[in-house]
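# Structure assessment
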Amino acid sequence: MATSRLPGFYNLSLTERLDRLAQASGLDPDDLAPFQTPGGLTVELADSMIENVIGTHNLPLGIALNFIVNGREVLVPMAIEEPSVVAGASFMAKLARAGGGFHAETDPPQMIGQIQVLGAPDLEAARAALQREKETLLAEASAVDPVLKRLGGGARDLEVRLLRETPIGEFLVVHLIYDVRDAMGANAVNTACERLAPRIEALTGGRVHLRILSNLADRRLARARVRIPPSALAFESAGVHYAGEDVRDGVIAAWAFAAADPYRAATHNKGIMNGVDAVVIATGNDWRAVEAGAHAYAARSGRYTSLSTWGRDEEGNLVGELEMPLAVGIVGGATRSHPTARAALKLMGVRTARELAEIIVSVGLAQNLAALRALATEGIQRGHMSLHARQVAIAAGARGELIEKVAAQMVAEGTVRPDRAEAILRQLQQADS
Ligand code: MEV
């Protein structure tokens, strides 16, 4: 991809946008066809995915522009019903370009499988027996997925935990650490946990109860960093000038609120998840798993807090970081069976699940900044209203520069309605003819 900067993209018609996307990405228009209607998920395909299917449920799919992640230009598909999210991410990605874009990294794709062992007569002896047989257990767990093993994945470690204070008294939990490579990994890990159960029962003298993946994927963290010079943060709105340094300090003060207060942290992290989930959904990944992991990780200290941090470096730049578990895959499940998810992965040109996670965590950070910048300055409603007004203007038939004119007049009047958009559009067209 030469560039993810596509100026004027939002003013194009739907077909023009797809043409522009094909041109910018170098993909064949056929590769992007699933994004069009009809296209994407058919009812027949949906019928083979879940039970009792009667149809499909669609969401808008937008493209976040301007992203550079680890030096690579990337166009990011986002599936979301909420206005302002795609625009917010794109705009922050544009500001981030001044500091080289986003720098992201991920841990190896290791998931944790949990095996609950009840009724072991001697917990310490059980622990010792499991540790002694660790290598055999790992080999058996790796054997459940020969394909994954061939690709370099498989069981990595086994940890034994004693849960002393539970509502039913103490018991033992085995953690199976499993490298799932480019998969989300639930299937491989759950199968491996089930496979190990009889041997674990024999070694511990207990009874294996639950055998299931943990969504607190804290072995599979993704981190993104961004640095933005204050000059890129300055802006004018409604006749007010916001100096870059003030915006920077306002963002930091907004973050401090989330860092100290769970009520604010929940909303702050929700803003991050606006970006994260939209890409997770667009790529056919399990967003409930990612949500569960994110919030559990945010509470890891015992007090729920912000997933991101914001501060300033010695040169006065705004610097932000986001770290969170990201269990996403590019093989298996809907990532391959859902036509739009497949097209989305192709558009991003990701070759590994880690690369996908690096993009997603960068979008989360961009989204967080979009919200904090707006909240710390003019508030979020203004941007919301003007975006909403643009959509209403387009729906009323405005095209090209008329979109902005109709939208601006509606916002100035404080009336954003289809009938008003049509009336303003008629007036402007008459004045022009
Ligand atoms: C709205 O979807 C998200 C925000 O509430 C996030 C935030 O408050 O940081 C704007």
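Residues numbered from 1 in each chain as written. Predicted model: local features only at pLDDT ≥ 70, side-chain atom pairs only at ≥ 80, totals over all residues. Heavy atoms only, no water.

## What to know about the sheet that holds strand 7 (residues 207-213)
Pairing is antiparallel in the open sheet, where four strands are placed in the order 5-6-4-7. The sheet is open, and its two edges are formed by strand 5 (154-163) and strand 7, each paired on a single side. For this sheet, the mean angle separating the axes of adjacent strands, direction not counted, is 20°. Where helix 5 (residues 123-132) meets the sheet, its contacts fall on strand 5 and strand 6 (171-179), and the angle it forms with strand 5 comes to roughly 170°. (Pairing = 2+ DSSP bridges. Helix = DSSP H or I, 4+ residues; strand = E, 2+ residues; numbered from the N terminus. Axes fitted to C-alpha atoms, helices over the stretch in contact; angles between N-to-C directions. Contact = heavy atoms within 4.5 Å.)

## Here's the deal with the environment of methionine 1
Considering the arrangement of structural elements, one finds methionine 1 in the segment before helix 1 (14-25). It is 6.1 Å that separates the C-alpha atoms of methionine 1 and glutamate 73, two residues lying 72 residues apart in sequence. Here methionine 1 is in contact with Ala24, Ser25, Glu73, Leu75 and Leu347, once residues within four sequence places are set aside.

## Remarks on the pairing of strand 8 (residues 221-228)
Pairing geometry for strand 3 (residues 103-106) and strand 8, over four bridges, is antiparallel. Bridge pairing in strand 8 links threonine 106 to alanine 222. When strand 8 meets strand 12 (residues 318-325), the two strands line up antiparallel, connected through eight bridges. Residue arginine 223 lies in a different strand from strand 12, and its bridge partner there is glutamate 323.

## Some points on the packing of helix 4 (residues 85-96) against helix 15 (residues 353-376)
Taken N-terminus to C-terminus, the directions of helix 4 and helix 15 make an angle of 100°; their axes are 8 Å apart at the nearest point. As judged from the angle between their axes, helix 4 and helix 15 are roughly perpendicular. Between helix 4 and helix 15, the residues in contact are Val85, Gly88, Ala89, Phe91, Met92 and Leu95 and Val363, Ala366, Gln367, Leu369, Ala370 and Arg373, respectively. In terms of residue class, the contact of helix 4 with helix 15 is made up of nine nonpolar, two polar and one charged. (Parallel < 35°, antiparallel > 145°, perpendicular 65-115°, else oblique. Nonpolar A, V, L, I, M, F, W, Y, C, P; charged D, E, K, R; others polar.)

## Here we look at the site of the ligand
Neighbouring residues of the ligand: Glu82, Arg264, Thr267, His268, Lys270, Gly271, Asn274, Ala371 and Leu375. At a separation of 2.7 Å, an oxygen atom of the ligand approaches a polar side-chain atom of arginine 264. The fraction of the free accessible surface of the ligand (300 Å²) that becomes covered by protein chains is 84%. A per-element tally of the shell around the ligand places helix 11 (residues 262-282) first, with six residues. Broken down by class, the residue content of the shell around the ligand amounts to two nonpolar, four polar and three charged. (Near = heavy atom within 4 Å. Polar contact = N/O pair within 3.5 Å; in protein donor to acceptor, adjacent residues only side chain to side chain. Areas by Shrake-Rupley, 256 points an atom, 1.4 Å probe, with all protein chains shown as cover.)

## Concerning the sheet that holds strand 11 (residues 308-312)
Within the open sheet, the four strands sit side by side as 3-8-12-11. Their pairing is antiparallel. Of all the strands in the sheet, the pair left with one neighbour each is strand 3 and strand 11. Going across the sheet, the axis of each strand differs from the next one's by a mean of 15°, ignoring polarity. The strands touched by helix 15 within the sheet are strand 3, strand 8, strand 11 and strand 12, with strand 8 carrying the most contacts at an inclination of about 45°.

## As for the domain arrangement of the chain
In terms of domain boundaries, the chain breaks down into domain 1 (9-107 + 220-378), domain 2 (110-214) and domain 3 (383-432). Distance between the C-alpha centres of domain 2 and domain 3: 60 Å. (Domains from an automatic or database assignment.)

## Some remarks on the pattern of salt bridges
Evaluated as defined, the whole model comprises 21 salt bridges. Note that arginine 351 is salt-bridged to glutamate 355, the shortest N-O span being 3.2 Å. Classification of arginine 351 by relative accessible area gives exposed; the value is 61%. Classification of glutamate 355 as buried rests on a relative accessible area of 13%. Between arginine 417 and aspartate 419 there is a salt bridge, and its shortest N-O distance comes to 2.9 Å. On the accessibility criterion, arginine 417 (41% relative accessible area) is partly exposed. Each member of the salt-bridge network shares a partner with another, and the members are Glu105, Asp107, Arg223 and Glu323. (Salt bridge = Lys/Arg side-chain N within 4 Å of Asp/Glu carboxyl O. Buried < 20%, exposed > 50% of the residue type's maximum accessible area, 1.4 Å probe, protein only.)

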